[in-house]
There are 2 protein chains.
Amino acid sequence: MAGLEHELDAPPWKRVESTLMAMARAIRQAYEDRFARLDLNLAQASMLAFLFESGPRSQSRLAAQLGMGRASAGLVVSALEKRGLVERRPDPADGRTRLVALRPAGEALVRPILEIDEILRSELRTGISRAERQRLAALLLRLQDNLSGVLADRPD
Amino acid sequence: MAGLEHELDAPPWKRVESTLMAMARAIRQAYEDRFARLDLNLAQASMLAFLFESGPRSQSRLAAQLGMGRASAGLVVSALEKRGLVERRPDPADGRTRLVALRPAGEALVRPILEIDEILRSELRTGISRAERQRLAALLLRLQDNLSGVLADRPD
DNA sequence: ACCAGATCGTCTGGTACTTTACTAATTCAG
DNA sequence: CTGAATTAGTAAAGTACCAGACGATCTGGT
């Protein structure tokens, strides 16, 4: 069909970059929808899952490793804490940080979170081979490189 | 063999989907940064460029074709209108819609917008062949299909 | 001519996220 | 030990987006 290379020659608002952004939004939306069943949003679910894998962490580390700002991480932790899913406890080694740790109620949510993630991912990869996914991952990393270069040399 | 499928087998917050979302955010940010020189954001620049290509359009059509909600499109148009870049004029054929049309000041911005876009895109495609980009586009479309299927059968 | 349903645009409220500024605690130079 | 610079976390204001509700207008059937 005509669609594909047309897609690449198309005007700015309909090109690969836009498609990529639209896809990202759609994927995010799909995750948000599904996690809504657990009364969680994507950021909250990711944080719970990450805490489960990594053990207690300071907020700054969580922020860095989940790719969000420190302020956002603080909001997410506060929301989870209010529901008793995590707790903030003092760090014996450093008085200005407090370690965020899973509480039992939060740990109980990890399994359904991982299940939802697994199901959605399997739906997403319908008709896409493992090799293709690997190529996609590699390409995205390449894009990432280019982009960080681009962002670096803005002297502005 | 460590690198690639590791990326695919990695935990949720570090997998392809996440990378894709992060990339999309980064690309968006890069566009926002560059268009800031013209005192435009990405949505505004896209709308100007699109109006240039397509001629006057109703807001609903603009919204649909730029992939945003009607309300958002209205805000973008209002912002552009306030600066005299576009105008809303009555549609002779339909009393409830008003056609959004470029004004000279807006038309003058189209060239720099397209230039900025062209430059950023060329920086992004460093080290990525045309064939790879085509594959990427095809893959994204496939993902899009899977996702719309997924969203469709939520009877919830 | 008229009513019912669909569509357009706007407004409101809610969510998510970022930036900036501020407080508190640590570290290190002297 | 004291004071400046650094780092962790919080708080407030601002931006962007979307969904839902609403009034106005068009369409089609009668």
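Predicted model, so just to flag it, every value in this text is computed and none were measured.

> Looking at this structure, I do not really get the overall build of chain A. What am I missing?
From N to C terminus, chain A includes seven helices and three strands. Across chain A, helices and strands are ordered from the amino to the carboxyl terminus as α-α-α-β-α-α-β-β-α-α. Within the span of chain A, comprising 156 residues, buried residues form 44% of the whole. When contacts within chain A are restricted to residue pairs at least 6 apart in sequence, those whose partners lie at least 24 apart make up 48%. For chain A, the computed accessible surface area is about 8,300 Å², with 51% contributed by carbon and sulfur atoms.

> Looking at this structure, I do not really get the pattern of salt bridges. What am I missing?
Side chains that carry opposite charge are capable of pairing whenever their charged atoms lie near each other. Within this structure, the stated rule accounts for 19 salt bridges over all chains. Of the charged contacts in the structure, one is a salt bridge between Glu32 of chain B and Arg28 of chain B, with a shortest N-O distance of 3.8 Å. Of this pair, Glu32 of chain B and Arg28 of chain B are both found in helix α2 (residues 16–35), four residues apart, which corresponds to roughly one turn of the helix. Overall, Glu32 of chain B belongs to the partly exposed group, its relative accessible area being 23%. Across the pair Arg125 of chain B and Glu118 of chain B runs a salt bridge, and its minimum N-O distance is 3.6 Å. Salt bridges here are not isolated pairs; linked through shared partners, they connect Asp117, Glu118, Arg121 and Arg125 of chain A.

> How should I be thinking about helix α4 (residues 59–66) of chain A in this particular structure?
Given 3.6 residues per turn, any residue in an α-helix points the same way as the ones three and four places further on. Residues and elements named next belong to chain A. For α4, the full list of buried residues reads Leu62, Ala63 and Leu66. When α4 is viewed along its axis, its buried side chains cluster within an angular range of 100° and face the same direction. Summarising the geometry of α4, the exposed residues directed more than 90 degrees from the buried face are Arg61 and Ala64. At its buried positions, α4 is contacted by α3 (42–54), β1 (57–58), α5 (70–82) and β3 (98–102).

> Please clarify how the packing of α4 of chain A against α5 of chain A should be interpreted in this entry.
Axes are the key here: two packed helices are described by the angle between their axes and the distance separating the axes. All names here are of chain A. Packing of α4 against α5 leaves a shortest axis separation of 8 Å and a crossing angle of 110°. Compared by their axis directions, α4 and α5 come out roughly perpendicular. Touching Gln59, Ser60, Leu62 and Ala63 of α4 are Arg70, Ala73, Gly74 and Val77, all from α5. Considered class by class, the residues forming the contact of α4 with α5 number four nonpolar, three polar and one charged.

> So what exactly am I meant to see when it comes to the nonpolar core here?
As a rule of thumb, soluble globular proteins bury nonpolar side chains together. Leu40 of chain A together with Leu40 of chain B are the most contacted members of the largest nonpolar core, which totals 84 residues. For Leu40 of chain B, the residues in contact, after removing those within four places along its chain, are Glu32, Phe35, Ala45, Leu48, Leu80, Arg83, Leu85, Leu109 and Ile113 of chain B.

> Whenever I open this one, the sheet that holds strand β1 (residues 57–58) of chain B confuses me. Can you help?
Sheet strands pair via backbone hydrogen bonds, and the direction of the pair is either parallel or antiparallel. All names here are of chain B. The strand order β1-β3-β2 describes an open sheet built from three strands, whose pairing is antiparallel. If you trace the sheet from one side to the other, it starts and ends with β1 and β2 (86–91), each paired once. Two elements, β2 and strand β3 (residues 94–102), share six bridges in a ladder whose sense is antiparallel. Bridge pairing in β3 links Arg88 to Val100. Its contacts with the sheet place helix α3 (residues 42–54) against β1, β2 and β3, and it is angled at close to 100° to β3. Against the sheet, helix α5 (residues 70–82) engages β2 and β3, with an angle of about 115° to β2.

> So what exactly am I meant to see when it comes to the protein's contact with DNA strand C here?
The environment of DNA strand C is formed by 19 residues, the closest being Arg28 and Ser72 of chain A together with Gln59, Ser60 and Arg96 of chain B. Protein-proximal atoms of DNA strand C, defined as those within 4 Å of the protein, fall in sugar or phosphate at a share of 83%. At 3.2 Å, a backbone N or O of Gly95 of chain A approaches a phosphate oxygen of DNA strand C. One of the side-chain nitrogen or oxygen atoms of Arg96 of chain B is found 2.9 Å away from a base oxygen of DNA strand C. Listed by contribution, the elements that provide at least two residues to the surface near DNA strand C are α5 of chain A together with α4 (59–66), α5 and β3 of chain B. Taken together, the residues of the surface near DNA strand C break down into two nonpolar, nine polar and eight charged.

> Sorry if this is basic, but what is going on with the sheet that holds β1 of chain A here?
Residues and elements named next belong to chain A. Taking strand neighbours across the sheet as the criterion, the three strands line up as β1-β3-β2 in an open arrangement whose pairing is antiparallel. Each edge of the open sheet is held by one strand with a lone partner, namely β1 and β2 (86–90). Here α5 sits on the sheet in contact with β2 and β3, set at roughly 110° to β2.

So, how was this worked out
Residues numbered from 1 in each chain as written. Chains lettered and ligands numbered in written order. Predicted model: local features only at pLDDT ≥ 70, side-chain atom pairs only at ≥ 80, totals over all residues. Heavy atoms only, no water. Helix = DSSP H or I, 4+ residues; strand = E, 2+ residues; numbered from the N terminus. Buried < 20%, exposed > 50% of the residue type's maximum accessible area, 1.4 Å probe, protein only. Contact = heavy atoms within 4.5 Å. Areas by Shrake-Rupley, 256 points an atom, 1.4 Å probe, with all protein chains shown as cover. Salt bridge = Lys/Arg side-chain N within 4 Å of Asp/Glu carboxyl O. Arc of directions from axis to C-beta. Axes fitted to C-alpha atoms, helices over the stretch in contact; angles between N-to-C directions. Parallel < 35°, antiparallel > 145°, perpendicular 65-115°, else oblique. Nonpolar A, V, L, I, M, F, W, Y, C, P; charged D, E, K, R; others polar. Core = buried A, V, L, I, M, F, W, Y, C linked by side-chain atoms within 4.5 Å. Pairing = 2+ DSSP bridges. Near = heavy atom within 4 Å. Polar contact = N/O pair within 3.5 Å; in protein donor to acceptor, adjacent residues only side chain to side chain.

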